[in-house]
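Examination of the molecular architecture
One-letter residues, chain by chain:
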Amino acid sequence: MACAPACFPAPGPLCVSPFIATDPVWQEKAQASVQLPNGEAAKELVREEESRDFSHLGSPPKLSRRGQDHASKITPFWNTFDCMLNDGFHPDANEGGIVNMGIANNSLMEDELLEYMHNNFKIEAIDLTYGSSLFGSTRLFQALCTHYNSADFSPKVPVLPKHILTSPGCGPLLDQIFEHLADPGDGVLVAAPCYNGFEADLTTRSKVHCIPVHCPKDKGHGSEAFNFEGESALRGFEEAIKDSESKGIKITSIIVCNPNNPVGRCYDRGALLAYGRFAAKHGLHLVFDEIYALSTFPTKDVDKPQPFISALNIDWADESGLHPGYVHILSSASKDFGLNGFRVGTFVSQHNETLVGAMKMTCKLYMVSSPADALFSSLLLNQDYLQGFIKTNRLRLAEAYDFVRSWCLHHKIDYTPSNAGHFLLVDLSRFMPREIQGRELEGREAESALWAKALDEKVCITPGFNYHHPEAGTYRLTFSLKRPCLIEGLARLEKALGLPPWL
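Keep in mind that what you see is a predicted model, and the values were worked out from it rather than measured. (Residues numbered from 1 in each chain as written. Predicted model: local features only at pLDDT ≥ 70, side-chain atom pairs only at ≥ 80, totals over all residues. Heavy atoms only, no water.)

With that settled, consider unusual backbone geometry. For residues that are not glycine, phi is negative in most cases, and the peptide bond is trans in most cases. Omega for the peptide link from asparagine 258 to proline 259 comes to -5°, which places this bond in the cis form. Summarising the element assignment, proline 259 is placed in the loop between strand E5 (251–257) and helix H12 (269–282). A cis amide bond links asparagine 261 to the next residue, proline 262, at an omega of 25°. Looking at where proline 262 falls in the secondary structure, it is placed in the loop between E5 and H12. With phi around 50°, glutamine 437 is a residue other than glycine that occupies positive phi space. For glutamine 437, a relative accessible area of 83% translates into the label exposed. Notably, histidine 468 is not glycine yet its phi reads approximately 60°, a positive angle. Tracing the backbone shows histidine 468 in the loop between strand E14 (462–463) and strand E15 (474–478). For histidine 468, a relative accessible area of 21% corresponds to the partly exposed category. (Helix = DSSP H or I, 4+ residues; strand = E, 2+ residues; numbered from the N terminus. Buried < 20%, exposed > 50% of the residue type's maximum accessible area, 1.4 Å probe, protein only.)

Here the focus is the domain arrangement of the chain. With domains assigned, the chain is organised as domain 1 (13–48 + 73–105 + 392–497) and domain 2 (126–381). The straight-line distance from the C-alpha centre of domain 1 to that of domain 2 is 28 Å. In this complex, domain 1 contributes 28 residues to the contact, which on the side of domain 2 involves 35 residues. A buried area of about 2800 Å², summed over both sides, lies between domain 1 and domain 2, and 52% of it is on carbon and sulfur atoms. If you sort the residues of domain 1 by the area they bury against domain 2, Arg394, Asn419 and His468 come out on top, with a joint share of 26%. Counting every contact that joins domain 1 to domain 2 gives two salt bridges. Across the pair aspartate 301 and arginine 405 runs a salt bridge, and its minimum N-O distance is 2.8 Å. (Domains from an automatic or database assignment. Contact = heavy atoms within 4.5 Å. Buried area = accessible area lost by both parts, 1.4 Å probe. Salt bridge = Lys/Arg side-chain N within 4 Å of Asp/Glu carboxyl O.)

The subject of this paragraph is the side chain of serine 480. Inspection of the secondary structure assignment puts serine 480 in the loop between E15 and helix H18 (483–497). A relative accessible area of 0% places serine 480 in the buried class.

Time to look at the side chain of histidine 422. As for its placement among the helices and strands, histidine 422 is situated in the loop between strand E9 (415–416) and strand E10 (423–427). Among the polar contacts listed, one links the side chain of histidine 422 to the backbone oxygen of lysine 335, at a separation of 3.4 Å. Ignoring sequence-local partners within four residues, the contact set of histidine 422 consists of Ala104, Asn105, Asn106, Tyr292, Ser295, Lys335, Leu397, Leu477, Thr478, Phe479 and Ser480. (Polar contact = N/O pair within 3.5 Å; in protein donor to acceptor, adjacent residues only side chain to side chain.)

Quick look at the environment of lysine 458 now. Within the secondary structure, lysine 458 sits in the loop between helix H17 (443–456) and strand E13 (459–460). Taking the C-alpha atoms as reference, lysine 458 lies 34 Å from leucine 375; in sequence the two are 83 residues apart.

Two packed helices can be described by the angle between their axes and the distance between those axes. Interhelical geometry of helix H7 (residues 110–120) versus helix H15 (residues 370–381) gives an angle of 110° and a closest axis separation of 10 Å. The angle between the axes of H7 and H15 places the two elements in the roughly perpendicular class. Contacts between H7 and H15 involve Leu113, Tyr116, Met117 and Asn120 on the former and, on the latter, Leu375, Ser378 and Leu379. Tallied by class, the residues present in the contact of H7 with H15 amount to five nonpolar, two polar and no charged. (Axes fitted to C-alpha atoms, helices over the stretch in contact; angles between N-to-C directions. Parallel < 35°, antiparallel > 145°, perpendicular 65-115°, else oblique. Nonpolar A, V, L, I, M, F, W, Y, C, P; charged D, E, K, R; others polar.)

A few words on the pairing of strand E4 (residues 209–213). For strand E3 (residues 187–191) and E4, the ladder comprises five bridges, and the chain directions are parallel. In the strand pairing of E4, valine 188 is matched with cysteine 210. In this view, the connection linking E3 to its parallel neighbour E4 by way of helix H10 (residues 197–203) has right-handed handedness. (Pairing = 2+ DSSP bridges. Right-handed = clockwise from strand over helix to strand, strands pointing away.)

The strand order across the open sheet formed by four strands is E9-E10-E15-E14, and the pairing between neighbours is antiparallel. Two strands close off the open sheet at either side, each with one partner strand: E9 and E14.

To continue, consider the environment of aspartate 315. Considering the arrangement of structural elements, one finds aspartate 315 in the loop between strand E6 (285–289) and helix H13 (316–320). Taking the C-alpha atoms as reference points, aspartate 315 and phenylalanine 228, separated by 87 residues in sequence, lie 20 Å from one another. In contact with aspartate 315, other than residues within four places in its own chain, are Lys156 and Ser320.

Let us look at the packing of aromatic side chains. For any two aromatic rings, the description comes down to two numbers: the centre-to-centre distance and the angle of the planes. Scanning all chains against the criterion turns up 16 aromatic pairs. Judged by centre distance (5.7 Å) and plane angle (75°), the rings of tyrosine 401 and phenylalanine 479 are edge-to-face. In this pair, tyrosine 401 sits in helix H16 (residues 383–410) while phenylalanine 479 sits in the loop between E15 and H18, placing the two residues 78 residues apart along the sequence. The pair tyrosine 401 / phenylalanine 479 is uniform in exposure class, with both members buried. (Phe/Tyr/Trp six-rings, centres within 6.5 Å; stacked < 30°, edge-to-face > 60°.)

Written as structure tokens, this is what we have:
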């Protein structure tokens, strides 16, 4: 899903990194790098304009109530995230930049993608117009049908263009879906730990509550294998329905993230069917986030890791008693294809013409750009190249995972084994600072302080509270980085943790 600032923590003031707070040069690096006509003279004019006093002209202009609400949510951490993007590490071009191991970027296929895009970029006259559809081009529909009807998804019913809508990323699609599936104040359940971007996507405009469902305290953290198997995957959901209703929150839907972010596991068929039976019992929609569907890989931690099973591969009516009109699937070009910047999100709903029709009214406000459409379609339609790409990507994900796994074992750092996605959960609780300026820290404050300490070493990891992980000290660590960047990130993390160098 839309992974930008949503993947970034926004805790209390103790979390603010001393590096961020005291280094204005770093904060202003983006502005300093902009090339303006007349150079320094132009920048001086900008500085003078920003310092002008307009108070004699009355009060500043006001926004609507909802505009003010959105503006109030821009915290210093959004600015921090933006600064990090402007100061990304590169072994040649920017050795002193931030190594971002806190966001799910996959750069392992970067060289192949650049070569393919340079050699296969072709647009036609229609790409200079409004295209062949307001909801995604006929070319992209054809490509997506080829993709979803492949053996990787094995749909029970072939996916047709009329089942598909597109948008610039999954975030806008989630925003649109829940505008139509829920009213403001309604709720959506999702198993915890869970991708925190769901909250931003659901609440920013649709005003829908995203409610994490935790594993019972006596049974684990929610990341254990049983949470992805059979009926046990529904641990805590019945109680969450009752608790929400007691608070006046109507539950309309469940989001199922498969493969799961941040745990990196796939649900087995029994678990998916259990979700279906639960949804049928309560009249709930099932929204499947399958954005990491092709990013599974072999691992030394599990002899027979659970493979990915798409929601398209299930006959929901016969196998779980659920009307298939309640089932919807999301994905995008971002994760499986390493194309976060393309902003191509895809929505599939095979048995709900009313929802597809309603979403067409909002999808036309979020059209995919023609260049991204053309390039992504070319990749999906070139099946020989694509299958080799997927195979190589999986091998490289396995290698990168094993590299970080070896690092964890060397330093005796516990981690949650995974076999999907771009990350794994690591337990850094023993490294959390216990006090700041003489004040004792506990729980989430200590977790935030370690995040800030890592940032001081110019490496970013993401605290577990961002994913509603119940235990303080768990962090999500992205490993799908090119090897020089991964080595540098782990070396900087060692400094932040006070560990001797591994390599």
